[in-house]
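# Structure assessment
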Amino acid sequence: QMGVKIEIEGESQRMRPAASEVERLFASYAMAEQRMGWTPAYGGLHGFERGLRKTIDWFTEPDNVANYKADQYNL
């Protein structure tokens, strides 16, 4: 999405075993849809790509980055 080649480095002690459930976990919004009528604004692969693009665009604005507090957990 950003047109930048990166190299991902992993730490062996943080890698999950091959049979770990982590690779099989996928979120479902079925209960939220059933109980509240909620559906995601950015659903599926296309929605993921749109959301990622929106996030990238936000972080490329200097004013946004200046106010971003990476060292704090914000909700």
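Residues numbered from 1 in each chain as written. Predicted model: local features only at pLDDT ≥ 70, side-chain atom pairs only at ≥ 80, totals over all residues. Heavy atoms only, no water.

Moving on, we get to the overall build of the chain. Looking only at helices and strands, the chain features three helices and zero strands. Counting helices and strands in the order they occur from the N terminus, the chain gives α-α-α. Whereas a compact globule of 75 residues would reach a radius of gyration of roughly 11 Å, the chain reaches 17 Å, over 25% beyond that. If one aligns the C-alpha atoms of the chain with their principal axes, the spans along those axes are about 40 × 40 × 30 Å. A burial count over the chain gives 7% of its 75 residues as buried. Of the roughly 7700 Å² of accessible surface on the chain, a fraction of 54% belongs to carbon and sulfur atoms. With 9 positive and 11 negative side-chain charges, the chain shows a separation of 6 Å between the mean positions of the two kinds. (Helix = DSSP H or I, 4+ residues; strand = E, 2+ residues; numbered from the N terminus. Rg over C-alpha atoms; globule rule 2.2 N^0.38 Å. Buried < 20%, exposed > 50% of the residue type's maximum accessible area, 1.4 Å probe, protein only. Areas by Shrake-Rupley, 256 points an atom, 1.4 Å probe, with all protein chains shown as cover. Lys, Arg positive; Asp, Glu negative; His and termini not counted. Charge placed at Lys NZ, Arg CZ, Asp CG, Glu CD.)

In this structure the tally under the stated criterion is one salt bridge. In this structure, the salt-bridge partner of D57 is R53, at a minimum N-O distance of 3.2 Å. Remark: R53 and D57 occur in helix 2 (residues 44-59); sequence separation between them is four residues, near one turn of the helix. Taking the relative accessible area as the measure of exposure, D57 reaches 38% and is therefore partly exposed. (Salt bridge = Lys/Arg side-chain N within 4 Å of Asp/Glu carboxyl O.)

With that out of the way, let us pick up a nonpolar patch on the surface. The grouping of M2, V4, I6 and I8 at the surface amounts to a nonpolar patch, some 500 Å² of accessible area in total. Residue position: I8 is located in the segment before helix 1 (30-36). Taking relative accessible area as the criterion, I8 reaches 74% and is therefore assigned exposed. (Patch = residues over 30% accessible without salt bridge, like charges linked within 9 Å, V, L, I, M, F, W, Y side chains within 5 Å.)

This part takes up the packing of aromatic side chains. Enumeration over the complete set of coordinates arrives at four aromatic pairs. Taking 6.0 Å as the distance between ring centres and 85 degrees as the angle between the ring planes, the aromatic pair formed by Y29 and W38 counts as edge-to-face. By relative accessible area, Y29 is classed as partly exposed at 37%. For W38, a relative accessible area of 44% translates into the label partly exposed. (Phe/Tyr/Trp six-rings, centres within 6.5 Å; stacked < 30°, edge-to-face > 60°.)

Moving on to helix 2. Relative to the 22 Å expected for 16 residues at 1.5 Å per residue, helix 2 spans 23 Å between its end C-alpha atoms, a close match to the ideal helical length. Buried within helix 2 are the following residues: G47, G51 and I56. (Expected span 1.5 Å × (residues − 1).)

Further remarks concern the confidence of the model for the chain. The predicted model of the chain has a mean per-residue pLDDT of 88, with 100% of residues at 70 or higher. Per-element confidence in the chain ranges from a low mean pLDDT of 92 for helix 3 (residues 62-67) to a high of 95 for helix 1. (pLDDT = per-residue confidence, 0-100.)

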